[in-house]
Amino acid sequence: MSRTLGAAKGRSFLSLKGNPLAGLGAGVWLVIVLVPLYILVTTSLRTQDEALGGNPLSWPKTLTLSNYKLVLDSGFWGFLVNNVLVTAFTVAAVVVLCVPVAYVVVRSAGRWANFAFRIFLLGLAIPAPVTIVPLYVMIGKMGLYDSLPAIILPTAAFAMPVTLLILVGSMRDISEELYEAMALDGAGQGRILMQLVVPLSRSGLSTVAVFTALNAWNGFIFPLILTQSDNKRVLTTGLYTLSSQYGVNIPATLAAVVLSGIPMFVAYLLARKALISGLMGVGGK
Amino acid sequence: MSRQAEARSAVEEGGPGRAQGGPDGQDQRGGDRRGRQEPGSPARRSLAARVGRPSPGWAVPGVLFFAVFAVAPMVYAVYLSFCGSWGGLGTPQFSGLSNWTRLFQDSDVRQATVTTIVLTVLSWAFQTPCALLLGVWAAGREKNRAVLSAVFFIPLVLSTTAIALLFKAILDPNFGLASTIGPWIGFPDGNIIGSPNGALIAVAFVGGWQFIPFHTLIYQGGARQIPEVLYQAASIDGCGRWRQFIHITLPQLRHTITTSSVLIIVGSLTSFETVFLLTQGGPGTSTTTLSYGMYREAFQGFDFGYASALGTALVVVSTLLSLLMVKFSGFGSMRSTREGM
C-alpha cells in the first residue's frame, strides 16, 4: 500500500525520455478535441450569412455577439435557473437519502442490510432510458407531470446505486477504534454519524456530489419526457427547443451550445482538481 | 493491556456484530489480535455493546425512495409488457404474451438489435484503446502532459445534448466541415450523415469524442496506482517500454479495463440522446437503436405496452452482459483493485 503511494509521486519510468509514438498519438487526439471546439466558438461568433457560405475552419471575417444576444433573449436565463434548481435538489436528495443507508449497510449486523445493498447494486444495470414509459405514466398519476420535481425525483433515484457503492466503499475504511472512542465519549448513533462517519467519508461524498451533479446538470431524457412547458425547460431541453426553432441558423444554435457549457467550464477552471478526482473516484477506489 | 487493545479484542468477541470488521483492511491485523483474545470479561462486553449498531430504520427513507422511483417503474414496465397494446388512457388490461410474441417476430426489432450491437462494438473498439493509451500517457507527471490532459478533459463540461448539436452542425452536408472532409474519407458528396454506414460511424465517433475523456480519466487513475517497483524490476531485467506495457501495465489495469468496458457497453446498449439529436434513427432506420426504437413506439406510436416489452428486454440483456463481464473477469470476488499485490 505505502509503496503505491510513493509510486504515485513520481513515475520515473514514464519520464525516462520523451516517448515519440505516444506523443504523436496525444497530438492527434489534441487535434480531434480542438477542431470541433474551434468550430464551435468561431461559428457562434459569425454572422449567419457567413456561416452559410464560408469555410467553417476559417477565422470569421466579422465577429458578432448578436447570436449570443438572441439566445439570451430567448429564455436562456430561465433554463439556467431551472437547471441549477434541479441539480441542487438532486444532489441534496441523494446525499441526505444515501448517507444513512450506506451507514446502515456498513455498520448494521443484519443480513437484510446486505440484501438491500445488493438490490441497490442491481439498479446499476438498469439504464434510465428504459424506464421512461412507466415513469411517464407514474409521474402523470402522481400529478407531478410538467414540474421540476418530476425531473428531480427519478434523477435522484437513478443516482442512488452508484452513490451507495462509492459511499459504502469509503465508509468501510473508517477504523473500528474510532467508533469505540466515540462510544466511550457517550456518543449516540446520530452523533457518530455526523461527527465521525460524515467527516471521514469526505472524499467519497465529494465524488458522489460531483458525479450526481454532472448527471443531473446534463440530464436530457427525463426532462424531455416528463415536462413540456417553456418555463420548466432546463438547459438541455432548452437547447434542443432553441435549435429546432433556429433551424439553419447554425451560429445561433452553437452560441446556445457555448452558453450552456459556460457554467460547467467555469466550475472546471475553478475546481478542476475536485472535478477530476471526483470523476476518477467513480472508476474504483 | 492498553485501552485500545482491550477495546479491539472486545469487538472481536462481539459475535454476530463483528461481521463488518472482517472483509476489509482490518483483516491485516487479525493475526496478532486473535492471539490476545481473553473471552468473556463483562467489562469488555459492555464496551462492545456501547458502540452499538445503527437501527435499520435509518435506511427506510432511502430504500422507500429507491423502491418508488426506480424499482417500481421497472416492475411496472414488466407488467405493462404483458398488457398488449396500451396507449396510456384507461386501465391497461393483462393480455398475456402478445407483446412478447410480436417482439420476437418483429423484423424492425431484429434490425434495431443488429444496429445496437454494431454500435456497441464500434464504441467499445474506438473508446477502449484510445482511452487506455491516453490514460497511461496522461498518468505521467510531466508538465506538458498535465497541460494537454487539461485540454483533453474539456469535452467533459459539455452535455450530451450540446455535443450532439455541435456535431450536427459540423456534419451538416451543406454548411459544415463534412463537405470538406467527407471526400477524404470516402463520402464524395460530403453527406456522411446521409449514408447508412456513415451515420452509424458518426454516432459512434460522437459518443467516443464525448466519453473518451471520462474513460481516459479512469485509466489515468488506475495507471497511477501501479506500484513503481514493478517497472523498476522490469527495467533491471532489461525490458523495454513496449514489453513493460504488455506485461505490467495491461495486466495491472485489468480491473480498470473491466469497469470502463462495462460502463461503455451498458452506455452504448442504451444510448439514446446522440441518436435522437443527431440522426433521428435515420437515414431510414439505419441508426435506430433499441432504446430509440422504444422511445418511438412509446411517444410517437403511443404503444406503451409494446415499448415496455422492448425496454424490459433491453434491461435483461444489459444486466446479463454486465454480470457476465464481471464474472469472467473475476472482478466480483475482488475487494480492491490491487488485491494480491
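Treat the numbers as computed from the prediction; the structure is a model and nothing was measured. (Residues numbered from 1 in each chain as written. Chains lettered and ligands numbered in written order. Predicted model: local features only at pLDDT ≥ 70, side-chain atom pairs only at ≥ 80, totals over all residues.)

K.L.:
What's the story with the overall build of chain B in this structure? I'm lost.
P.N.:
Each helix and strand in chain B was counted, giving 16 helices and zero strands. Classification of the 341 residues of chain B by burial places 45% in the buried group. (Helix = DSSP H or I, 4+ residues; strand = E, 2+ residues; numbered from the N terminus. Buried ≥ 20, exposed ≤ 12 C-beta atoms within 10 Å, placed from the backbone.)

K.L.:
It is not clear to me how the overall build of chain A should be interpreted in this structure. Could you clarify?
P.N.:
Scanning chain A from N- to C-terminus turns up 14 helices and zero strands. The linear arrangement of helices and strands in chain A, starting from the amino end, is α-α-α-α-α-α-α-α-α-α-α-α-α-α. Expected size for 285 residues packed as a compact globule is a radius of gyration near 19 Å; at 24 Å, chain A overshoots this value by more than 25%. Along the first, second and third principal axes, the C-alpha atoms of chain A reach 75 × 65 × 30 Å. In chain A, which comprises 285 residues, the proportion classed as buried is 49%. Considering only contacts in chain A between residues 6 or more positions apart, those separated by 24 or more positions represent 78%. (Rg over C-alpha atoms; globule rule 2.2 N^0.38 Å. Contact = placed C-beta atoms within 7 Å.)

K.L.:
Would you explain the nonpolar core in this entry?
P.N.:
The nonpolar side chains of soluble globular proteins are, as a tendency, buried together. If you look at the biggest cluster of nonpolar residues, it comprises 165 residues, and the most contacted ones within it are Ala102(A), Leu164(A) and Leu166(B). With near-sequence residues (within four places) excluded, Leu166(B) lies in contact with Pro36(A), Leu40(A), Leu254(A) and Val257(A). (Core = buried A, V, L, I, M, F, W, Y, C linked by C-beta atoms within 7 Å.)

K.L.:
I would appreciate a short explanation of the domain arrangement of chain A in the present structure.
P.N.:
Interfaces are frequently sized by the accessible area removed from exposure as the parts join. Residue and element names in this part refer to chain A. Once the domains are mapped, chain A shows domain 1 (19–64) and domain 2 (65–282). Distance between the C-alpha centres of domain 1 and domain 2: 32 Å. Opposite the eight residues of domain 1 that make contact, domain 2 presents 10 residues. Contributing elements (two or more residues each) for the side of domain 1 that touches domain 2: helix H2 (20–44) and helix H3 (48–53). Sorting elements by how many residues they give to the side of domain 1 that touches domain 2 places H2 first, with four residues. Looking at the side of domain 1 that touches domain 2, its residues break down into three nonpolar, four polar and one charged. (Domains from an automatic or database assignment. Nonpolar A, V, L, I, M, F, W, Y, C, P; charged D, E, K, R; others polar.)

K.L.:
Explain the interface of chain A and chain B to me, please; I cannot follow it from the model alone.
P.N.:
Across the contact, 89 residues belong to chain A and 100 residues belong to chain B. Among the elements that take part in the side of chain A that touches chain B, H2(A) stands out by supplying 12 residues, more than any other.

K.L.:
Looking at this model, I keep getting lost on the confidence of the model for chain A. Mind explaining?
P.N.:
Low-confidence regions, as indicated by low pLDDT, have predicted coordinates that should not be scrutinised in detail. All names here are of chain A. Per-chain confidence: chain A averages 85 in pLDDT, with 92% of residues scoring 70 or above. The secondary structure element of chain A with the lowest average pLDDT is helix H1 (residues 2–9), at 39, and the one with the highest is helix H11 (residues 221–226), at 94. With pLDDT under 50 throughout, residues 1–17 is counted as low confidence; its partners more than four residues away or in other chains account for 22 contacts. (pLDDT = per-residue confidence, 0-100.)

K.L.:
Even after reading the chapter, I still don't get the packing of helix H6 (residues 107–138) of chain B against helix H10 (residues 196–224) of chain B, so can you show me in this structure?
P.N.:
To characterise two packed helices, one gives the angle between the axes of the helices and the distance between these axes. Residues and elements named next belong to chain B. At a closest axis distance of 7 Å, the pairing of H6 and H10 adopts a crossing angle of 35°. As H6 runs across H10, the sense of the crossing is right-handed. Residues of the contact of H6 with H10, tallied by class, amount to 18 nonpolar, eight polar and no charged. (Axes fitted to C-alpha atoms, helices over the stretch in contact; angles between N-to-C directions. Left-handed = near helix turned anticlockwise from the far one by under 90°.)

K.L.:
For this particular structure, what's the right way to read helix H7 (residues 143–152) of chain B?
P.N.:
Two residues of an α-helix separated by three or four positions point the same way, owing to the 3.6 residues in each turn. All of the buried residues in H7(B) are Arg145(B), Leu148(B), Ser149(B) and Phe152(B). Angularly, the buried residues of H7(B) cover 105° about the axis, an arc narrow enough to put them on a single face. Looking at H7(B), the residues exposed on the side facing more than 90 degrees away from the buried face are Lys143(B), Ala146(B) and Val147(B). Where the residues of H7(B) are buried, they touch H2 of chain A together with H6 and H10 of chain B. (Arc of directions from axis to C-beta.)

K.L.:
Please explain the packing of helix H4 (residues 66–107) of chain A against helix H13 (residues 250–270) of chain A as it appears in this structure.
P.N.:
Residue and element names in this part refer to chain A. Axis separation between H4 and H13 bottoms out at 8 Å; the angle between their running directions is 70°. Judged by the inter-axis angle, H4 sits roughly perpendicular to H13. The element H4 and its partner H13 pack so that their crossing is right-handed. Along the contact surface, H4 presents Asn67, Tyr68, Leu70, Val71 and Phe76, while H13 presents Pro251, Ala252, Ala255, Ala256 and Leu259. For the contact of H4 with H13, the per-class residue count stands at nine nonpolar, one polar and no charged. (Parallel < 35°, antiparallel > 145°, perpendicular 65-115°, else oblique.)

K.L.:
Any chance you could explain the confidence of the model for chain B here in plain terms?
P.N.:
Residues and elements named next belong to chain B. Here chain B averages 80 in pLDDT, while 81% of its residues score no lower than 70. A low-confidence stretch, residues 1–40 stays under pLDDT 50, and its non-local contacts, those more than four residues away or across chains, total 45 contacts. Note that pLDDT drops below 50 for residues 332–341; the model gives that stretch 13 contacts with residues more than four away or on any other chain.

K.L.:
When you look at the environment of Ile170(B) in this model, what are you seeing that I'm missing?
P.N.:
Its location among the elements puts Ile170(B) in helix H8 (residues 160–170). For Ile170(B), a count of 24 C-beta atoms within 10 Å gives the class buried. Beyond its immediate stretch of four places on either side in the chain, Ile170(B) contacts Pro36(A), Ile39(A), Gly176(B), Leu177(B) and Ala178(B).

K.L.:
Would you mind going over unusual backbone geometry with me for this structure?
P.N.:
Peptide bonds are, in most cases, trans, and in most cases residues other than glycine have a negative phi. Not every positive phi belongs to a glycine, and Asp146(A) is a case in point at roughly 65°. Mapped onto the secondary structure, Asp146(A) falls in the loop between helix H6 (132–141) and helix H7 (148–171). Unlike most non-glycine residues, Gln280(B) shows phi in positive territory, near 50°. Its location among the elements puts Gln280(B) in the loop between helix H14 (273–279) and helix H15 (290–299).

K.L.:
Explanation requested: H7(A) in the structure shown.
P.N.:
Residues and elements named next belong to chain A. Given a rise of 1.5 Å per residue, 24 residues ought to cover 34 Å, and the 32 Å separating the end C-alpha atoms of H7 matches this to within 8%. The largest bend in H7 amounts to roughly 40° and is located at Met160, with the proline Pro161 lying one to four residues further along. The element H7 is extensively covered by neighbouring structure, given that 22 of its 24 residues are classed as buried. (Expected span 1.5 Å × (residues − 1). Bend = angle between axes of the 7 residues up to and from the residue.)

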